[in-house]
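Chains, contacts and geometry: an overview
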Amino acid sequence: MSPESKKLFNILILGIAFMFMFTAFQTCGNVAQTVIRSLNSTDFHGSGYTSMAIIYGVFSASNLITPSVVAIVGPQLSMFASGLFYSMYIAVFIQPFPWSFYTASVFIGIAAAVLWTAQGNCLTINSDEHTIGRNSGIFWALLQSSLFFGNLYIYFAWQGKTQISESDRRTVFIALTVISLVGTVLFFLIRKPDAENVLGEDESSDDQDLEVNESAQNNMTKAVDAFKKSLKLCVTKEMLLLSITTAYTGLELTFFSGVYGTCIGAINKFGTEEKSLIGLSGIFIGIGEILGGSLFGLLSKNNRFGRNPVVLLGILVHFIAFYLVFLNMPGDAPIAPVEGTDSSAYITPSKEVAIFCSFLLGLGDSCFNTQLLSILGFLYSEDSAPAFAVFKFVQSICAAVAFFYSNYLLLHWQLLVMVIFGFLGTVSFFTVEWEAAAIVARGSDYRSI
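Conventions we followed
Residues numbered from 1 in each chain as written. Predicted model: local features only at pLDDT ≥ 70, side-chain atom pairs only at ≥ 80, totals over all residues. Heavy atoms only, no water. Helix = DSSP H or I, 4+ residues; strand = E, 2+ residues; numbered from the N terminus. Buried < 20%, exposed > 50% of the residue type's maximum accessible area, 1.4 Å probe, protein only. Contact = heavy atoms within 4.5 Å. Areas by Shrake-Rupley, 256 points an atom, 1.4 Å probe, with all protein chains shown as cover. pLDDT = per-residue confidence, 0-100. Patch = residues over 30% accessible without salt bridge, like charges linked within 9 Å, V, L, I, M, F, W, Y side chains within 5 Å. Salt bridge = Lys/Arg side-chain N within 4 Å of Asp/Glu carboxyl O. Polar contact = N/O pair within 3.5 Å; in protein donor to acceptor, adjacent residues only side chain to side chain. Phe/Tyr/Trp six-rings, centres within 6.5 Å; stacked < 30°, edge-to-face > 60°. Lys NZ or Arg CZ within 6 Å of the ring centre and 35° of its normal. Expected span 1.5 Å × (residues − 1). Bend = angle between axes of the 7 residues up to and from the residue. Axes fitted to C-alpha atoms, helices over the stretch in contact; angles between N-to-C directions. Parallel < 35°, antiparallel > 145°, perpendicular 65-115°, else oblique. Left-handed = near helix turned anticlockwise from the far one by under 90°. Nonpolar A, V, L, I, M, F, W, Y, C, P; charged D, E, K, R; others polar.

**Regarding the overall build of the protein**
Secondary structure assignment for the protein yields 16 helices and zero strands. Each of the 449 residues in the protein was classed as buried or not, and the buried ones make up 51%. Sequence-distant contacts in the protein: of pairs separated by 6 or more residues, those separated by 24 or more amount to 86%. Summing over all exposed atoms, the protein offers an accessible surface of approximately 19400 Å²; the carbon and sulfur share of this is 67%.

Put into structure tokens, the structure is as follows:
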């Protein structure tokens, strides 16, 4: 196998492994609050929202230490160990207890930070400046396809069910645990690439030998330097402005990945399909994500108008979605009891409108995330690791806050928070993009991430 073929093979395995793991985890996150509502009538008392708040809170803090962990252990073992913790979290739902549920939430928060740092490292060492765009696209498409499979299973398995029985819950979560473990084991198929022409690495064999022989003390020095660089980036004008946009992506990530499916599952007027519609909603979020990401990924290299039109489309699509959700869903849907809600909003709840909103939420999210990754890669091409660490830190801390307030706020207040941050985030992104365009006008080129 040629060196280039080996690297492409590694990217495919990386994407397929993540597809299996996140087929399990994203399906788990989508149905967690609905399942826990069914459990809360028993001895178990917990909240899926609180669990996700813990996960994202720990995830944000752990981003500060994970680069040194991956540097010492290596990306392959880091991803394998993280995958075991993901599987453990899913397995907790087979026979849940409050202490094991929240303890697993803490561990998976740490594991998530290690996993995504290792993923970025693995993607980088298997790419060069000519293939990083292609490889990122392959990985992203495989990752987002995970939204289809698990949710498709939920749609058919829970068809006609208004309550989730113990047998239903165990069957689903045993299957999801096995799927996650399959993805975890696949990491061992990733082969060590040839050292030459790796993005971000010096081609000199002397430098490579020096890097292999670096001491743990030097690794720690590097980690401290990266941490200092991240702190310096946090207070730059561009990063402060982009942090508002990033904060919005954290809020809307919480909404479409956890809150919206819970709302659909709580509306009794959807009849016997209310639980299976959660799966269908996840599928259409995935369709929106993949359509948007693929379209804007293909257009990015030949886009004469910059990133602003895509972000503008994203916020318009989200505002339409929020307005339709406001009209279609009762305000108490996110915090309804196990029996669900019989309330109505301004129109009779419509399954078709609910699923269309799922598609719009996914499409709008892809608009923001593709353009944020692109502008970060352009502005911080020399310091990409600290820049993306700051991006993940802000996004995950806002997701944690949003999952926390989802326990208490009615739907219309949650929508209002997202509308305000969405508007401010769009304006701040426009400001940074105009500055980036000025850099290009002075003679620099956009760089592919």
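**Considerations on the confidence of the model for the protein**
Scored by pLDDT, the protein has a mean of 79; 80% of the residues are at 70 or more. Of the regions scoring below 50 in pLDDT, residues 208–212 engages in three contacts with residues more than four places distant in sequence or in other chains. Contacts for the low-pLDDT stretch residues 445–449, under 50 throughout, to residues beyond four places or in other chains number 18 contacts.

**Observations regarding a nonpolar patch on the surface**
Together, I335, L410, W413, L416, I420, F421, F423, L424 and V427 give the surface a local cluster of nonpolar side chains, amounting to about 790 Å² of exposed area. Topologically, V427 is positioned in helix α16 (residues 411–441).

**Description of the side chain of S146**
Relative to the helices and strands, S146 is located in helix α7 (residues 146–157). Among the polar contacts made by the side chain of S146, one reaches the side chain of Q26 at a distance of 2.8 Å. Setting aside residues up to four positions removed in sequence, S146 forms contacts with M19, F22, T23 and Q26.

**With respect to the packing of aromatic side chains**
Aromatic ring pairs are defined here through the distance separating the ring centres and the angle between the ring planes. Under the criterion given, the structure shown has 24 aromatic pairs. Note on F93 and F173: the rings are 4.7 Å apart at their centroids and 15° apart in plane angle, and the pair reads as stacked. Placement of the pair is F93 in the loop between α4 (75–91) and α5 (98–125) and F173 in helix α8 (residues 166–186), with a sequence separation of 80 residues. Seen from the ring of F9, R191 lies directly overhead, with NZ or CZ sitting 5.0 Å from the centre. K392 extends its terminal NZ or CZ atom over the ring of W116, reaching a point 5.2 Å from the ring centre.

**Topic: helix α11 (residues 237–266)**
Given a rise of 1.5 Å per residue, 30 residues ought to cover 44 Å, and the 43 Å separating the end C-alpha atoms of α11 matches this to within 8%. Where α11 bends most, the angle comes to about 40°, and this point is V259. Burial runs high along α11: 25 of the 30 residues are buried.

**Here's the deal with the packing of helix α2 (residues 48–62) against α5**
At a closest axis distance of 7 Å, the pairing of α2 and α5 adopts a crossing angle of 40°. If you check the angle between α2 and α5, you find them oblique. Crossing handedness for the pair α2 and α5: right-handed. On the side of α2, the interface is formed by G48, T50, S51, I54, I55, V58, F59 and S62, while α5 contributes F101, Y102, S105, V106, I108, G109, I110, A112, A113 and W116. Class assignment of the residues belonging to the contact of α2 with α5 gives a composition of 12 nonpolar, six polar and no charged.

**Quick word on the packing of α4 against α5**
Two elements in contact, α4 and α5, have axes separated by 8 Å at closest approach and are oriented at 150°. Considering their axes alone, α4 and α5 lie roughly antiparallel with respect to each other. Relative to α5, the crossing made by α4 is left-handed. Residues belonging to the contact of α4 with α5 are distributed by class as follows: 18 nonpolar, five polar and no charged.

**Thoughts on the environment of P349**
Secondary-structure assignment places P349 in the loop between α13 (308–328) and α14 (351–379). On the basis of relative accessible area, P349 is assigned to the buried category, the value being 10%. As for P349 and L327, which are separated by 22 residues in sequence, their C-alpha atoms are 8.4 Å apart.

**Describing the environment of T50**
Summarising the element assignment, T50 is placed in helix α2. For T50 and A400, which are 350 residues apart along the polypeptide, the C-alpha to C-alpha distance reads 8.6 Å. Here T50 is in contact with Y102 and N407, once residues within four sequence places are set aside.

**Regarding the environment of G314**
Relative to the helices and strands, G314 resides in helix α13. Each C-alpha atom, one on G314 and one on G364, is 4.2 Å from the other, the two residues being 50 residues apart in sequence. Not counting residues within four places of it along the chain, the set of residues in contact with G314 comprises G364, C367 and F368.

**Considering the side chain of S358**
When you line up the elements, S358 lands in helix α14. Owing to a relative accessible area of 0%, S358 belongs among the buried residues under this scheme. Here S358 is in contact with Y260, I264, S281, F284 and I285, once residues within four sequence places are set aside.

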